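Spelled out from the first residue to the last, the chains are:
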Amino acid sequence: MSTKAKIGQKQSKYWKDTTMYRIGLTGGVGSGKSTVSSYMKEFGIPVIDGDCLAMEAVAPGNIAMREIRQVFGNGIFNEDGSLNRLKTAEIIFKDEEKRKALNGIIHPYIWRRTQEEVIAAQNHGYFVVVLDMPLLLEIDWQLRVEAVWVVQVPLEVQIERVMARNGFTRKQVLERIHKQMPTENKLNYADVVIDNSRSPEDTKRQVREALMQIPGFVFPGGCND
């Protein structure tokens, strides 16, 4: 784990109405970002899950779904009105303009809901909150947090994990990895780098140590072990 100097000194121009310290957590597919976010929760820190908010955005009846139907037509919807994720993924993986159009609908929704969740966490007395966002850097949301945490593993570990988890071929995994910002580039934005290639205990230790570097942070009761 590496931590840049003066962690916590950056202030985001997007959050003038809150005293929250927002951690933007990101990492490549298969890096184990969800493992790190689970440790955050164990330490009593609220986590806003970008993937969950994306799923919420495409729930039947959501206003975002109406916009998606206008752009993509009825072909990507199931009979019950839900989004056919496989068909949608196939389209946006091959069509960059359609991918941008979908992101232009979903990302504003995720941002609005993120703001609501941050304010809710603040109202419940939390000082630190985690924004668990896979595409944090690709969509420039590093400007909206006080610190960027990047979870890192070697490329071969990424490939093996995604193949085992999703049943993809090596080629399919590499195609998805290459659609994301290279890990080397992500590291240029990182205030904290978590090396998730060793044991779970080692990863948890790195998370704890990085949290202890946040000025004024105190572990919530019962989370000090």
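Here, the structure is the one placed above.
Not measured: the values here are computed from a predicted model.

1. Observations concerning the packing of helix α6 (residues 155-166) against helix α7 (residues 170-179)
Stage number 1. Their axes nearest at 9 Å, the elements α6 and α7 cross at an angle of 120 degrees. In terms of crossing hand, the pair formed by α6 and α7 is right-handed. In contact with Leu-155, Glu-156, Gln-158, Ile-159, Val-162 and Met-163 of α6, α7 contributes Arg-170, Val-173, Leu-174 and Ile-177.
Stage number 2. Looking at the contact of α6 with α7, its residues break down into seven nonpolar, one polar and two charged.

2. Observations concerning the pairing of strand β4 (residues 128-132)
Stage number 1. Within β4, five of the five residues are buried, which leaves it mostly tucked inside the rest of the structure.
Stage number 2. Residues of β4 alternate between two faces, with Val-128, Val-130 and Asp-132 on one and Val-129 and Leu-131 on the opposite face, all of them buried.
Stage number 3. One ladder, built from five bridges, connects strand β2 (residues 21-27) with β4; its direction is parallel. When the sheet's bridge partners are listed, Arg-22 is paired in β4 with Val-129.
Stage number 4. Across three bridges, strand β3 (residues 47-49) lies against β4 in parallel orientation. Paired with Asp-49 across the bridge in β4 is Asp-132.

3. Some words on the pairing of strand β6 (residues 192-195)
Looking along a regular strand, one sees the side chains alternate between the two faces of the sheet.
Stage number 1. Of the two faces of β6, the one lined by Val-192 and Ile-194 and the one lined by Val-193 and Asp-195 are each fully buried.
Stage number 2. Across four bridges, strand β5 (residues 147-152) lies against β6 in parallel orientation. Following the sheet pairing, Val-151 is matched in β6 by Ile-194.

4. A closer look at the packing of helix α4 (residues 85-94) against helix α5 (residues 96-123)
Stage number 1. In contact at an axis separation of 5 Å, α4 and α5 are set at 120 degrees when each is read in the N-to-C sense. In terms of orientation, α4 and α5 fall into the oblique class. Contact with α4, carried on its side by Thr-88, Ile-91, Ile-92 and Lys-94, involves Glu-96, Lys-98, Arg-99 and Leu-102 of α5 and no other residues of that element.
Stage number 2. Of the residues assigned to the contact of α4 with α5, the class counts are three nonpolar, one polar and four charged.

5. Looking at the packing of aromatic side chains
Stage number 1. Tallied over the entire structure, the rule returns four aromatic pairs.
Stage number 2. The residue whose ring lies beneath Arg-144 is Trp-111, and the NZ or CZ to ring-centre distance is 4.1 Å.
Stage number 3. One residue, Arg-208, lies across the ring of Phe-219, its end atom 4.4 Å from the ring centre.

6. Remarks on the nonpolar core
Stage number 1. Grouped together as the largest cluster of nonpolar side chains are 33 residues, with contacts concentrated most on Ile-48, Ile-68, Leu-83, Ile-106, Val-129, Leu-131 and Met-133.
Stage number 2. Considering every element that reaches this core, the biggest residue donor is α5, with eight residues.
Stage number 3. Each of domain 1 (24-45 + 129-215) and domain 2 (50-127) accounts for three or more of the residues forming this core.
Stage number 4. When sequence neighbours within four positions are dropped, the list of residues in contact with Ile-68 reads Val-58, Gly-73, Ile-76, Phe-77, Leu-83, Leu-102, Ile-105 and Ile-106.
Stage number 5. Core analysis: the next-biggest nonpolar cluster, separate from the first, contains 21 residues, Val-36, Val-128, Val-130 and Ala-210 among them.

Each value, and the rule that gives it
- Residues numbered from 1 in each chain as written.
- Predicted model: local features only at pLDDT ≥ 70, side-chain atom pairs only at ≥ 80, totals over all residues.
- Heavy atoms only, no water.
- Axes fitted to C-alpha atoms, helices over the stretch in contact; angles between N-to-C directions.
- Helix = DSSP H or I, 4+ residues; strand = E, 2+ residues; numbered from the N terminus.
- Left-handed = near helix turned anticlockwise from the far one by under 90°.
- Contact = heavy atoms within 4.5 Å.
- Nonpolar A, V, L, I, M, F, W, Y, C, P; charged D, E, K, R; others polar.
- Buried < 20%, exposed > 50% of the residue type's maximum accessible area, 1.4 Å probe, protein only.
- Pairing = 2+ DSSP bridges.
- Parallel < 35°, antiparallel > 145°, perpendicular 65-115°, else oblique.
- Phe/Tyr/Trp six-rings, centres within 6.5 Å; stacked < 30°, edge-to-face > 60°.
- Lys NZ or Arg CZ within 6 Å of the ring centre and 35° of its normal.
- Core = buried A, V, L, I, M, F, W, Y, C linked by side-chain atoms within 4.5 Å.
- Domains from an automatic or database assignment.

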